[in-house]
Amino acid sequence: MTRVFSGVQPSGDMHIGNYLGAFRQWVEDQHSSDAFYCIVDLHALTVDTDPEMLRSRTVDAAINLLAVGLDPQICTIFVQSHVPEHAQLSWLLECMASMGELRRMTQFKEKGAGRESVRVGLFTYPVLMTADILLYDAERVPVGDDQRQHLELARNLAIRFNNRYGDTFVVPAPSVPRVAARVMDLQDPTQKMSKSSISPTGTVAILDSADQIEKKVRRAVTDPGKEVVYDPVNKPGISNLLDILAAVTGKSNSELATEYHSYAQLKSDVAEALIELLRPIQQRHAQLSADPGEVLAILARGAERAQSIAAVTLERAANAMGLLPPKLI
Ligand code: TYM
């Protein structure tokens, strides 16, 4: 079976961008692949985060993943810091990566821009991400479009390592959905929808009420003119709404455009489609939240399975680089 790996940061409320760009693929992939899904809490430390908040968001991230339909009987769900091999392999890979290639990462440039002091962890973030993926010999990594550049780095580091030290890592490939790979902010459709958005009205959270969804979509920024056409360059607001509706209904965005003669009708259908999409997820979220003990048990079993694989890969990489094994085999 193909090995699949992906991750999400417990850094805020999960939103429809995460769902349509990533989680939906994860749910599908768990049936056809040996899938590992990781809540990357170490990555969340790269910007200042309240400790209690991080802990509760980590549990909530797990509840979200179960609520969207991940089944711990057929896939592995775990927390990154529970498997220390992630940080260990990251160090070995940092010794393979160059300052220049990390400096070119657009996410680092964006997140670091304008800050007086930038954490070293934010700079080396993509190397830790590479370690996440390579530890599991993942062939495929289902992600949204914003992670493409990081995946390119992961491929380059895997290839560089294999060339220098012999065949050690599987070279992973990104898997980006055809529609809704980059869901945009409803208030600023030139920016991607994001957990850390400064405009909460631009983001539809997975747990938003029907009323909130209806309001946010109704107030979504649209474009001059009245015509509903799919044109991301000249009509980014309307095109984003068409993309969302296309992703939810399975129809094509340009075909959908021909069905609408007013922005208001399009908005009303987008809101309704999202409310229906999220309703069952929200119901499962409420049920799962009532038993956090069961969620923690799922994470503990996930970490055990993940570590049994990660430890073998780490040892392989350490040996290849010439580190002395701690005990003679
Ligand atoms: P994160 O937590 O920002 O997002 C989780 C997943 O959701 C996708 N996504 C989106 N897709 C479409 N439209 C959007 N507006 C949108 N916003 C987010 C992301 O592409 C991602 O797939 N660095 C990663 C986490 C990570 C990871 C990994 C991913 C750490 N290690 C190893 C894959 C493999 C991140 O911050 O994702």
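Residues numbered from 1 in each chain as written. Predicted model: local features only at pLDDT ≥ 70, side-chain atom pairs only at ≥ 80, totals over all residues. Heavy atoms only, no water.

*Asks:* Got a sec to walk through the pattern of salt bridges? Specific residues and values, please.
*Replies:* Pairing between side chains becomes possible if they bear opposite charge and their charged atoms approach one another. Scanning all chains against the criterion turns up 16 salt bridges. Across the pair Glu101 and Arg160 runs a salt bridge whose closest N-O atoms are separated by 2.7 Å. Linking Glu101 in helix 5 (residues 99–103) with Arg160 in helix 8 (residues 148–165), this pair joins segments that are 59 residues apart in sequence. Look at Glu101 and you get buried, because its relative accessible area is 8%. Note that Glu294 is salt-bridged to Arg301, the shortest N-O span being 3.9 Å. Glu294 gets classed as partly exposed once you look at its relative accessible area, which sits at 38%. A single salt-bridge network, built from bridges that share partners, covers Arg3, Asp34 and Arg305. (Salt bridge = Lys/Arg side-chain N within 4 Å of Asp/Glu carboxyl O. Helix = DSSP H or I, 4+ residues; strand = E, 2+ residues; numbered from the N terminus. Buried < 20%, exposed > 50% of the residue type's maximum accessible area, 1.4 Å probe, protein only.)

*Asks:* Would you mind going over helix 3 (residues 51–68) in detail, with residue names and values included?
*Replies:* Relative to the 26 Å expected for 18 residues at 1.5 Å per residue, helix 3 spans 26 Å between its end C-alpha atoms, a close match to the ideal helical length. Within helix 3, burial applies to Leu54, Thr58, Ala61, Ala62, Ile63, Asn64, Leu65, Leu66, Ala67 and Val68. Positive backbone phi, at 125°, marks Gly69, one or two positions downstream of helix 3. (Expected span 1.5 Å × (residues − 1).)

*Asks:* Quick one: what's the story with the site of the ligand, residue by residue and with numbers?
*Replies:* The environment of the ligand is formed by 27 residues, the closest being Tyr125, Asp132, Asp146, Val183 and Lys195. A distance of 2.7 Å is found between a nitrogen atom of the ligand and a side-chain nitrogen or oxygen belonging to Tyr125. Contact between the ligand and Asp146: an oxygen atom at 2.4 Å from a side-chain N or O atom of the residue. Starting from 710 Å² of accessible surface for the ligand in isolation, the protein chains cover 97%. Residue composition of the shell around the ligand, by class: 13 nonpolar, 10 polar and 4 charged. (Near = heavy atom within 4 Å. Polar contact = N/O pair within 3.5 Å; in protein donor to acceptor, adjacent residues only side chain to side chain. Areas by Shrake-Rupley, 256 points an atom, 1.4 Å probe, with all protein chains shown as cover. Nonpolar A, V, L, I, M, F, W, Y, C, P; charged D, E, K, R; others polar.)

*Asks:* Describe the packing of aromatic side chains, and please don't skip the residues or the numbers.
*Replies:* Overall, the coordinates contain 8 aromatic pairs when judged by the stated rule. Between Phe5 and Tyr136, the aromatic rings sit 5.3 Å apart at their centres with planes inclined by 10°, giving stacked as the arrangement. Residue Phe5 is located in strand 1 (residues 3–8), and its partner Tyr136 is located in the loop between helix 7 (120–134) and strand 4 (140–142); the two are separated by 131 residues in the primary sequence. Note on Tyr136: relative accessible area 0%, which makes it buried. Geometrically, the ring pair formed by Trp26 and Tyr37 is stacked, given 4.7 Å between the ring centres and 0° between the ring planes. Highlighted residues: Trp26 in helix 1 (residues 16–32) and Tyr37 in strand 2 (residues 34–39), separated in sequence by 11 residues. The same class applies to Trp26 and to Tyr37, which are both buried. (Phe/Tyr/Trp six-rings, centres within 6.5 Å; stacked < 30°, edge-to-face > 60°.)

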